[in-house]
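So the chains spell out like this:
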Amino acid sequence: MNSYLYSVPLYVPVLLPVVAAAVGYFVQTKVYKHLLIAVQVVQVFLAAILLARVRTAGAILERLGGWQAPVGIELALDEISAPLVLLVTVVFLLLVLFNYRKLYMVNTFQFLLVSLQGVMISLFLTSDVFNVYVLTELTTIIVTVLILFKRGKPALYNGMVYLMFSILAMAFFLLGIGFVYRTFGVLDFAGITERAAALENPRALILPYALMVTAVGMKAGLLPMFGWLPRAHAAPSAPSMVSALLSGLQVKVGIYLFIRLQQMIGLTLDTTGFFLVVGLLTAVSGFLLAICQRDIKLVLAYSTVSQIGLIMIGLTSGSVIGFWGGMLHIVNHALFKALLFLTAGLIAKEYGTRNLDQIRGTFRRMPLVTTAAFLAVLGMTGAPFFNGSISKYLIESGLAGGTRWQAAIYLVNFGTMLVFTRYATVFFGRPAARSGGSSVTDRSTRPVDPWTRVVALVFGAAILGIGLFAGPVMSALFPVESPLELVSGATAAGKAVAFAGTLAAAVTVYLFGVSRLSVLERVREMSVSFNGMAILMSGFLGVVLVFLFATV
Amino acid sequence: MGDIINVQNVSLVLFFVGLYGVLSNRNIIKSIIAVNIMDVAAILFLITVNRRPDQIPPIGSQNVAAMADPLPQALMITAIVIGISVTAVSITLFIGLFRRYGTSDWQKIVYRVDRG
């Protein structure tokens, strides 16, 4: 029995949600809901088994249909993708539980949601660039429909921009695939890696790589190409669960593809320096834009951009510790950003507004939800004992560049604190009188569902738990000896002092600087249309090409 | 001269013509068409990869050596279907946008979205 479970085929976690969702589609919503929750529990279980198998027996490779690699399709699970598959299943389970009693959990919504999980997992499992193209287009369509799911809100534009921009990026990707096939005659990751290393003229790789990395960078939301991200992640019509899903998981697929792309060409072209800088610029511009926002969800969406930059810095730092620190930050960010979006949705609903300046005193009005949100904020800002501090510390210690890069990390962290100082203003103070408007009183008769509060606190506990048990969690998820002066008292005290200092500086700067600036208003009003985004993306392609032709 | 004008180069030119259309047009319908042109160009490029004029279609099991590479052809059928479906979705969204804002100009719509 045990060994039978142990050898579960890789296509099961892909097909199970899709098939279950399709077969059960016509049953009553109530039954369907429970069916899908059961599927999610099984999925978490399967993902945990697969991770355990990868950690003990090494990477798993499966051929579908019995064809050999260049022609047939292969599924592969290795030490990078296995933890991410587990992350996807865990976050999905928590989100589905969180939304257990929401009214928009109709069959269509759940069907799309659960199919999206299958597609996401297959993106992590696939080992073929053409499949990546197909699956990415599929996620684009599903996500577009999910963004627009709540009817009657003016959000069609957000969906349209997301869709068009993704299609455009994937056209780049497809042409890149064409060049890859012309140069190498294979499309699977292993084949490309092997032949790229044996290439006598590395310049032949530049054009396909630039095209593909532009498309992948757009999916991940790198510097000039994140215009779509806040629009999609903070769309007024998207249920907060969808925002959580997009910011927590969907963006990470782009980062994962970036990791794969770097693995394929890493032996031939060296772009780590370039993407280190791009990561830093993304992180800085992300928090600068986040400070300017007034909409509670837009702040979170821009903060996602900033954290993506931080993850990129870790992944391209070129050291083992930095890389796995970046991977851990992917996990951490998925947890706290999902929780932040969920609680922001609850807060916005309770107050009937999404304007940060009009929400005050959530601690008094909704204590449990605010506690959960506060845990997430602490994780986000890297407070000692929380998960964010571990991954940020690993990223920082993985950077070889010395003090300059450490200063850069401090700058990013300072910016994050500044953003969340602003965000935390909603927690404190005195809530406005409830009789303020009819909409407010209507809502307050229907208090927050206790069920959602429990799930929010579970999220919060996970954030704290990863921080407290960083060593065991690291060695369970990733193949790296957890570096571990983390636990020692001296560094913990040092980090606590550094955290307190940065926090004090951030609060001071916020109170005496940022909150009084009028520039914020103007930045907020800036908007880039689709053409602008396309120009920025072509510009990114151009810069990558120039950089590569100049250095190779 | 005959060497330069081959299908591969034509498809590359077509791709950048499409890109120019995306960059320079504010009309949403034209953007959709331009992205489609890029898609078709990429598909054309892939179909003609490693192709020689004397090759025969990959049908049947005789004379395998003279056949064209079947893999890109199989893949591009998928890509064509995907192109059609995403176009259908984007046109559907465009209809909704046009009904709401009464214009097909990206710039005007973004202005109305962001400033009420």
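All values reported here derive from a predicted model rather than from experimental measurement. (Residues numbered from 1 in each chain as written. Chains lettered and ligands numbered in written order. Predicted model: local features only at pLDDT ≥ 70, side-chain atom pairs only at ≥ 80, totals over all residues. Heavy atoms only, no water.)

(A) View of the overall build of chain B. Along the backbone of chain B there are four helices and zero strands. The order of helices and strands in chain B, counted from the N terminus, is α-α-α-α. The C-alpha atoms of chain B give 19 Å as radius of gyration, which overshoots the globular expectation for 116 residues (13 Å, by more than 25%). Dimensions along the principal axes, computed over C-alpha positions, put chain B at roughly 65 × 35 × 15 Å. The buried share among the 116 residues of chain B stands at 38%. (Helix = DSSP H or I, 4+ residues; strand = E, 2+ residues; numbered from the N terminus. Rg over C-alpha atoms; globule rule 2.2 N^0.38 Å. Buried < 20%, exposed > 50% of the residue type's maximum accessible area, 1.4 Å probe, protein only.)

(B) Fine view of the interface of chain A and chain B. Taken together, the 40 residues of chain A in the interface contact 45 residues of chain B. Roughly 3,900 Å² of surface becomes buried between chain A and chain B when both sides are summed, with 77% attributable to carbon and sulfur atoms. Of all residues in chain A, Y157, M160 and Y181 of chain A give up the largest surface area on contact with chain B, accounting jointly for 17% of the area buried on that side. Here chain A and chain B share zero salt bridges between them. On the surface where chain A and chain B come into contact, there are four residue pairs in polar contact (both at pLDDT 80 or more). (Contact = heavy atoms within 4.5 Å. Buried area = accessible area lost by both parts, 1.4 Å probe. Salt bridge = Lys/Arg side-chain N within 4 Å of Asp/Glu carboxyl O. Polar contact = N/O pair within 3.5 Å; in protein donor to acceptor, adjacent residues only side chain to side chain.)

(C) A look at a nonpolar patch on the surface. The grouping of Y11, L15, V19, V23, L64 and I73 of chain A at the surface amounts to a nonpolar patch, some 510 Å² of accessible area in total. As for its position among the elements, L15 of chain A is in helix 2 (residues 11-23). (Patch = residues over 30% accessible without salt bridge, like charges linked within 9 Å, V, L, I, M, F, W, Y side chains within 5 Å. Areas by Shrake-Rupley, 256 points an atom, 1.4 Å probe, with all protein chains shown as cover.)

(D) Spatial organisation of the confidence of the model for chain A. Scored by pLDDT, chain A comes out at a mean of 86, with 92% of its residues at no less than 70. Contacts of residues 435-445 of chain A to residues separated by more than four positions or lying in other chains number nine contacts, the stretch itself having pLDDT below 50. (pLDDT = per-residue confidence, 0-100.)

(E) Summary view of the pattern of salt bridges. One pass over the full model with this rule turns up seven salt bridges over all chains. Ionic pairing is found between R26 of chain B and D105 of chain B, a salt bridge with its closest N-O pair at 3.6 Å. In this pair, R26 of chain B is assigned in the loop between helix 1 (7-24) and helix 2 (28-47) and D105 of chain B in the loop between helix 3 (70-101) and helix 4 (106-114), connecting sequence segments 79 residues apart. Classification of R26 of chain B by relative accessible area gives partly exposed; the value is 42%. Sharing partners across several salt bridges, the network here consists of R294, D357 and R422 of chain A.

(F) The confidence of the model for chain B, seen in detail. In the predicted model, chain B carries a mean pLDDT of 88, and 97% of its residues have values of at least 70. Mean pLDDT across the elements of chain B bottoms out in helix 4 of chain B (84) and peaks in helix 2 of chain B (94).

(G) Main features of the packing of aromatic side chains. Tallied over the full model, the rule gives 28 aromatic pairs over all chains. On the basis of an interplanar angle of 85 degrees and a centroid distance of 6.3 Å, the ring pair of Y25 of chain A and Y32 of chain A is categorised as edge-to-face. Residue Y25 of chain A is classed as partly exposed on the basis of its relative accessible area, which comes to 25%. Ring geometry for F179 of chain A and F45 of chain B: centres 4.7 Å apart, planes at 45 degrees, overall tilted. Residue F179 of chain A is located in helix 7 (residues 156-184), and its partner F45 of chain B is located in helix 2; the two belong to separate chains. Taken together, F363, F374, F420, Y423, F427 and F428 of chain A form an aromatic cluster joined through their ring pairs. When the ring centre of Y351 of chain A is taken as reference, the NZ or CZ atom of R365 of chain A above it lies at 4.4 Å. (Phe/Tyr/Trp six-rings, centres within 6.5 Å; stacked < 30°, edge-to-face > 60°. Lys NZ or Arg CZ within 6 Å of the ring centre and 35° of its normal.)

(H) Expanded view of the nonpolar core. Among the nonpolar cores identified, the biggest contains 238 residues, and L168, L174, I177, F275, M327 and Y423 of chain A are the most heavily contacted of them. Per-element tally for this core: the top contributor is helix 7 of chain A, with 22 residues. If we ignore the near neighbours within four places in the chain, the residues touching L174 of chain A are F130 and Y133 of chain A together with D39, A42, I43, L46, M76 and A79 of chain B. (Core = buried A, V, L, I, M, F, W, Y, C linked by side-chain atoms within 4.5 Å.)

(I) Structural view of the environment of A376 of chain A. Residue and element names in this part refer to chain A. With respect to the helices, strands and loops of the structure, A376 is situated in helix 16 (residues 367-381). Sequence spacing of A376 and N332 is 44 residues, and the spatial spacing of their C-alpha atoms is 9.8 Å. When near neighbours in sequence (up to four residues on either side) are disregarded, A376 contacts F336, L339, L340 and I463.

(J) Region of the structure containing the side chain of S11 of chain B. All names here are of chain B. Relative to the elements of secondary structure, S11 occurs in helix 1. Given a relative accessible area of 0%, S11 falls into the buried group. When neighbours within four sequence positions are excluded, S11 is seen to be in contact with A41, L44 and F45.

(K) Highlighting helix 7 of chain A. All names here are of chain A. Compared with the 42 Å implied by 1.5 Å per residue over 29 residues, the 41 Å span of helix 7 between its first and last C-alpha is a close match. Among the 29 residues in helix 7, 27 count as buried, and that is most of the element. Immediately beyond the C-terminal end of helix 7, within one or two residues, lies G185, with a positive phi of roughly 75 degrees. (Expected span 1.5 Å × (residues − 1).)

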